[in-house]
Protein chains: 2
Amino acid sequence: MLRVQKYGGTSVGSLDRIENVANRVAKAREEGHDLVIVVSAMSGETNKLIEYANHFSANPAKKEMDMLLSSGERITAALLAIALQSKGFDAVAMTGRQAGIVTDDTHTYARIESIDPTAMQNAISEGKIIIVAGFQGVNKAGSVTTLGRGGSDLSAVALAGALKAEQCEIYSDVDGIYTTDPRIEPHAKKLDTISYDEMLELSSLGAKVLQNRSVELAKKLKVKLYAKSSFSDNKGTLITEESKNMEEVLVSGVVLDKNQARVTLRGVVDRPGIAAEIFTKLANNNINVDMIIQNVGTDGLTNLGFTVPQSELDNAKRVVESFGAEIGGIDFDEHVCKVSVVGVGMKSHSGVASTAFTVLAENNINIQMISTSEIKVSMIIDEKYGELAVRTLHEAYGLDK
Amino acid sequence: MLRVQKYGGTSVGSLDRIENVANRVAKAREEGHDLVIVVSAMSGETNKLIEYANHFSANPAKKEMDMLLSSGERITAALLAIALQSKGFDAVAMTGRQAGIVTDDTHTYARIESIDPTAMQNAISEGKIIIVAGFQGVNKAGSVTTLGRGGSDLSAVALAGALKAEQCEIYSDVDGIYTTDPRIEPHAKKLDTISYDEMLELSSLGAKVLQNRSVELAKKLKVKLYAKSSFSDNKGTLITEESKNMEEVLVSGVVLDKNQARVTLRGVVDRPGIAAEIFTKLANNNINVDMIIQNVGTDGLTNLGFTVPQSELDNAKRVVESFGAEIGGIDFDEHVCKVSVVGVGMKSHSGVASTAFTVLAENNINIQMISTSEIKVSMIIDEKYGELAVRTLHEAYGLDK
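Attention here is on the structure that accompanies the text.

Procedures and definitions
Residues numbered from 1 in each chain as written. Chains lettered and ligands numbered in written order. Predicted model: local features only at pLDDT ≥ 70, side-chain atom pairs only at ≥ 80, totals over all residues. Helix = DSSP H or I, 4+ residues; strand = E, 2+ residues; numbered from the N terminus. Axes fitted to C-alpha atoms, helices over the stretch in contact; angles between N-to-C directions. Parallel < 35°, antiparallel > 145°, perpendicular 65-115°, else oblique. Contact = placed C-beta atoms within 7 Å. Nonpolar A, V, L, I, M, F, W, Y, C, P; charged D, E, K, R; others polar. Buried ≥ 20, exposed ≤ 12 C-beta atoms within 10 Å, placed from the backbone. Least-squares fit on C-alpha atoms with pLDDT ≥ 70 in both.

1. Structural notes on unusual backbone geometry
Part 1 of the reasoning: For Lys 164 of chain A, which is not a glycine, the phi torsion comes out positive at approximately 50°.
Part 2 of the reasoning: Along the polypeptide, Lys 164 of chain A turns up in the loop between α5 (151-162) and β9 (167-172).

Rendered as structure tokens:
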């Protein structure tokens, strides 16, 4: 059966680590698997090239950036192929183009449009281990494109989909997805399995492991993803389709986002379209609004609350103040954080949210805003209670068991 | 008019030097030229990548080496394009493939088979400065190939030919071709002009500037080559077709090759084919024979002399000794050197060789072997007289004037 493995920058960060990856690949080969290996640039390499470019321009042309940045992955791919060949394995290195990855024209953040797997299939049927330079493809005009941060994960998932691989293993220096951040709650447990949707909602727990674009693509292509460490033989976490089994678990994880600032607009004139105007203007100013709460208004006035990343608060202030008299008053608070509880079990079980509200209240933690989705409850609270809230919720849902 | 400029590894060896090259290109642009710029990898980069590969294998697969090594030039090309863009110039970076360079399948030492200049011509007609990653092309199967040491010069000459450029300027840290090595003869003069054939015969004088393959290709494609320094505004040396004017100069340069060892075979059985057998066997053992001298034999025996690089002398010994009784005796001397006098003027002027023999005799320098071509006289002498012979000949032909 064919496996796609992807090794991130830290896993290939030195010649010794590339050697280590070669040994892991060799072992998987000896277990009888067909293998397509996707590699990132050696850690630090991409940042070095970005620094080089920024020496000349704060805003270098994206087409040239793609030619520049794509070279890091090519170097790793060639080196890993050479390392495997020196161990007697028949390995071949391929660029994104050679692997058949065609993208749109959005340089530095291209989307994969199609994959022609013929060259890879031929190489596999010749018994070769394929090493693909991640993070890159080629547009229809033949220019190299890159897929943005985390792009090598995307390459791996897309190739796994195109090749109908049994599974796609994403290797990093983290051995899986945890019920919460172990730096906050030492009793955090590694999850054996998690659904795509839970993973998307818990993205900040897996940010170092998997980016949302890759999880979304894996979900779409039904690719079984494993998040594993290249530095251990731990089993890792399987990210896959939701199953009945998963619904028995109420909550999979608790996640804290400290990069939140709250904006509350009081006494907003309650005419149709006012909210649309405010949020369109915020979007046009590249402000990423996260949670939005609107209460039903009284006396033709309504209250509107939302959160933005802390670094965007000043810009957000300017935008909302520009609405002048249409808004009665504006409150800002950058000392807030968001605690979220995620689990597919919420769909079939009631009471998950009320448990959260109850245990926070028992700890005298005031909830300023609440937002819920099918599988998530998010709460905005005072920043200083963030870690306490995580530990409290983690224990309340029995995640430490 | 279109100019092709090529900047070598030392010329683009740091970000500041790439900035310097950008300024030079900008200046040429402001003078009104269309420009195709070919760049090497930053100096040291290619050797670093070779070291990386050798960490895994003493003899890495050539296909993977090409993917590895071609990345250095891509980095420089992207950076130079970014540097020019930041100065307000419309520049575009191209890989060898994008520039339309198609080679044969000989990885790490590919030959250019064809160039499709369409993409470059389109970019030029849009007013763009083209920056091409040198040293590389792509074979018909779509794999990256590299052209061997000095390959960026070859890229530049080939592109100049395909685009019918007015001239091709090869920039390095040396400002042209000298009448002899200035470290041996401080009065060495930079040549304004030299013919392709003289340049080929003087290759060791230009070894740091231009490799023979590039000069041969320039001759074939009738590309006017300039050897210039990227660190000065000196005029450089024009390498071009022979002209009447050049023939007025008897001698263009004097060159010393210290890496020579002499082998003399005495009393060789003078049967047809014996020389062919000896030199075929030497060639099959990868021994590069340089000069060959055979004297007419007497008594059915002949004397045969040749030179080889000093490092290949031991191998050469083994080969000739394997002929056993067919060879009467064998002399070796690794303390010899070759002094050559080169000039197209020799074709139309007699006495050039005898001047050399005379002035060496006046200095008590014994000539062990002589070999002449239409435009060159080469002499094997005792190694210790090499520098003296160069200075003597340089003065005798008035090259210091």
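2. Points about the packing of helix α5 (residues 151-162) of chain B against helix α7 (residues 212-221) of chain B
A packed helix pair is summarised by two numbers, namely the angle formed by the two axes and the spacing between the axes.
Residue and element names in this part refer to chain B.
Part 1 of the reasoning: For the pair α5 and α7, interaxial distance at closest approach is 9 Å and the crossing angle is 5°. On the basis of their axis angle, the class for α5 and α7 is roughly parallel. Two secondary-structure elements touch here, α5 through Asp 153, Leu 154, Val 157, Ala 158 and Gly 161 and α7 through Arg 213, Ser 214, Leu 217, Ala 218 and Leu 221.
Part 2 of the reasoning: Among the residues forming the contact of α5 with α7, the class breakdown is 6 nonpolar, 2 polar and 2 charged.

3. Things to note about the environment of Ala 325 of chain B
Part 1 of the reasoning: Relative to the elements of secondary structure, Ala 325 of chain B occurs in the loop between α10 (313-321) and β16 (327-342).
Part 2 of the reasoning: Separated by 251 residues in the primary sequence, Ala 325 of chain B and Arg 74 of chain B place their C-alpha atoms 57 Å from one another.

4. Description of the environment of Ala 316 of chain B
Residue and element names in this part refer to chain B.
Part 1 of the reasoning: Looking at the element boundaries, Ala 316 is found in helix α10.
Part 2 of the reasoning: Owing to 23 C-beta atoms within 10 Å, Ala 316 belongs among the buried residues under this scheme.
Part 3 of the reasoning: Each C-alpha atom of the pair Ala 316 and Val 255 lies 25 Å from the other, and the pair is 61 residues apart in sequence.
Part 4 of the reasoning: Not counting chain neighbours up to four residues away, the residues in contact with Ala 316 comprise Val 263, Leu 282, Ile 287 and Val 308.

5. Quick notes on the relation of the copies chain B and chain A
Part 1 of the reasoning: With an RMSD of 0.1 Å, the operation that places chain B on chain A is a rotation of 179° combined with a shift of 0.0 Å along the axis. Here the copies are linked by what is in effect a two-fold axis. Among all residues of chain B, the one whose C-alpha sits closest to the rotation axis is Ser 71 of chain B, at a distance of 2.6 Å.
Part 2 of the reasoning: Taken as a fraction of all interface residues of chain B, those also at the interface in chain A reach 100%, which identifies the copy contact as same-surface.

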